[in-house]
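# Architecture at a glance
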Amino acid sequence: MKLILLGAPGAGKGTIAKMLTAIDGSVQISTGDILRGEVQAGSELGRQAEAYMKRGDLVPDALIMGMMEKRLQQPDCEKGILLDGFPRTIPQAEELKQLLARLGIALDMVVSIEVPRDVILDRLCTRRTCANSACQAIYNVKSNPPKQEGVCDKCGAAVIQRADETEEAISHRLQTYNDKTAPLIGFYEKEGLLKAVSGVSSETMVAAIQAELGL
Ligand code: AMP
């Protein structure tokens, strides 16, 4: 499948992408995960992105587009792509449209994942993430804690609260989503690609996406 997953931070894009990956082997491409990996590796891109990310601001479009142009040409994308956290601005969406046309990739659908704001706030404050950039497994202190506190079940690395998941950065990220990313819903509606799924259960949303795709 070839999908864009749109949704506010904490809506469950990453969780839903991982569940969809298990269905047909499509690859999850999370710009947030790639950027956190670059920051951890201390690369030039990571160095340029870090301050924006810490504040909960978007990384400049040019950096993101350069990174994604390379990523979308890697051979594993032939299995299908699940774009998680990208595009995030209208200019990114416009450039992506041209890039996909150049690469001969046709999207099946853009899924707008809609979750009530109080659920999102609660999830973001209680979310914990594996610090190992090759893993980045997601936990929740209330609903899905690691078996051993502070240790990732999958790889044994430390499980931490992300630097951009302080209360201040979270409210800034949600505001940024409303201002810069929510307009993409109208953009993709006009393109005839939008399908909205709403609720709080990722399983139910995955089932709705599967039904829409006839899988
Ligand atoms: P995420 O893990 O998707 O919440 O992304 C974490 C942070 O990475 C965001 O708050 C931004 O600073 C940055 N980021 C991720 N994806 C993008 C994107 N498509 N455009 C700009 N910044 C991004």
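For the structure itself, consult the block above.
Fair warning: this is a prediction, and the values are worked out from it, not measured in the lab.

## What about the overall build of the protein chain?
Each helix and strand counted, the protein chain has nine helices and eight strands in total. Radius of gyration (C-alpha) of the protein chain: 16 Å, near the 17 Å computed for a compact globule of 215 residues. Viewed in the frame of its principal axes, the protein chain has a C-alpha envelope of about 45 × 40 × 35 Å. Among the 215 residues that make up the protein chain, the fraction classed as buried is 42%. A separation of at least 24 residues holds for 71% of the contacts in the protein chain among residues at least 6 apart in sequence. Counting only carbon and sulfur atoms, one obtains 51% of the accessible surface of the protein chain, whose full area is about 10,600 Å². If you average the places of the 25 positive and of the 28 negative side-chain charges in the protein chain, the two averages end up 2 Å apart.

## As for unusual backbone geometry
Glycine aside, a negative phi is what most residues show, and trans is what most peptide bonds show. Here the residue pair F86 and P87 is connected by a cis peptide bond, since its omega of -5° sits within 30 degrees of zero. Its identity as a non-glycine residue notwithstanding, Q136 has a phi of 50°, on the positive side.

## Describing the site of the ligand
Around the ligand, a shell composed of 16 residues is seen, among which T31, R36, D57, R88 and Q92 lie nearest. The contact in question runs from a nitrogen atom of the ligand to an N or O atom on the side chain of T31, over 2.7 Å. With four residues, helix α2 (residues 31-41) is the single largest residue contributor to the shell around the ligand. Here the residues of the shell around the ligand sort into six nonpolar, four polar and six charged.

## As for the layout of surface pockets
When its volume is computed, the second largest pocket comes out at roughly 330 Å³. Around the second largest pocket, the lining is made up of 15 residues, and of these R36, V39, I160, R162 and A163 lie nearest the centre. Mapped onto the lining of the second largest pocket, the elements with two or more residues apiece are α2, α3 (44-55) and β5 (127-130). A per-class count over the lining of the second largest pocket returns six nonpolar, four polar and five charged.

## Let's talk about the sheet that holds strand β1 (residues 2-6)
Here five strands make up an open sheet; going across it, the order is β2-β3-β1-β4-β8 and the pairing parallel. The sheet terminates laterally at β2 (27-30) and β8 (194-198), the two strands that pair on one side only. Pairwise comparison of adjacent strand axes, ignoring direction, gives a mean angle of 25° for this sheet. Alignment of β1 against strand β4 (residues 109-114), held across four bridges, turns out to be parallel. Along β4, the bridge assignment pairs L5 with V111. Helix α8 (residues 183-190) rests against β1, β4 and β8 of the sheet, and its axis sits at about 150° to β1.

## A closer look at the sheet that holds β5
With antiparallel pairing, the three strands of this open sheet are ordered in space as β6-β5-β7. Because the sheet does not close on itself, it has two edges, and the strands there are β6 (138-140) and β7 (159-160). Pairing of β5 with β7, which is carried by two bridges, proceeds in the antiparallel orientation. The partner of C130 across the bridge, within β7, is V159.

## A closer look at the packing of α2 against helix α4 (residues 61-71)
The geometry of α2 relative to α4 is characterised by a closest axis approach of 12 Å and an angle of 105° between their N-to-C directions. One element, α2, and the other, α4, form an angle in the roughly perpendicular class. Of α4, the residues touching α2 (which contributes T31, I34 and L35) are I64, M67, M68 and R71. Looking at side-chain class alone, the contact of α2 with α4 contains five nonpolar, one polar and one charged residues.

Rules of the game
- Residues numbered from 1 in each chain as written.
- Predicted model: local features only at pLDDT ≥ 70, side-chain atom pairs only at ≥ 80, totals over all residues.
- Heavy atoms only, no water.
- Helix = DSSP H or I, 4+ residues; strand = E, 2+ residues; numbered from the N terminus.
- Rg over C-alpha atoms; globule rule 2.2 N^0.38 Å.
- Buried < 20%, exposed > 50% of the residue type's maximum accessible area, 1.4 Å probe, protein only.
- Contact = heavy atoms within 4.5 Å.
- Areas by Shrake-Rupley, 256 points an atom, 1.4 Å probe, with all protein chains shown as cover.
- Lys, Arg positive; Asp, Glu negative; His and termini not counted.
- Charge placed at Lys NZ, Arg CZ, Asp CG, Glu CD.
- Near = heavy atom within 4 Å.
- Polar contact = N/O pair within 3.5 Å; in protein donor to acceptor, adjacent residues only side chain to side chain.
- Nonpolar A, V, L, I, M, F, W, Y, C, P; charged D, E, K, R; others polar.
- 1 Å grid on protein atoms, 1.4 Å probe; cavity = no way out; pocket = protein on both sides within 12 Å on 5 of 7 lines; lining within 4 Å.
- Points joined across faces, edges and corners; volume = space filled by probe spheres on them.
- Pairing = 2+ DSSP bridges.
- Axes fitted to C-alpha atoms, helices over the stretch in contact; angles between N-to-C directions.
- Parallel < 35°, antiparallel > 145°, perpendicular 65-115°, else oblique.

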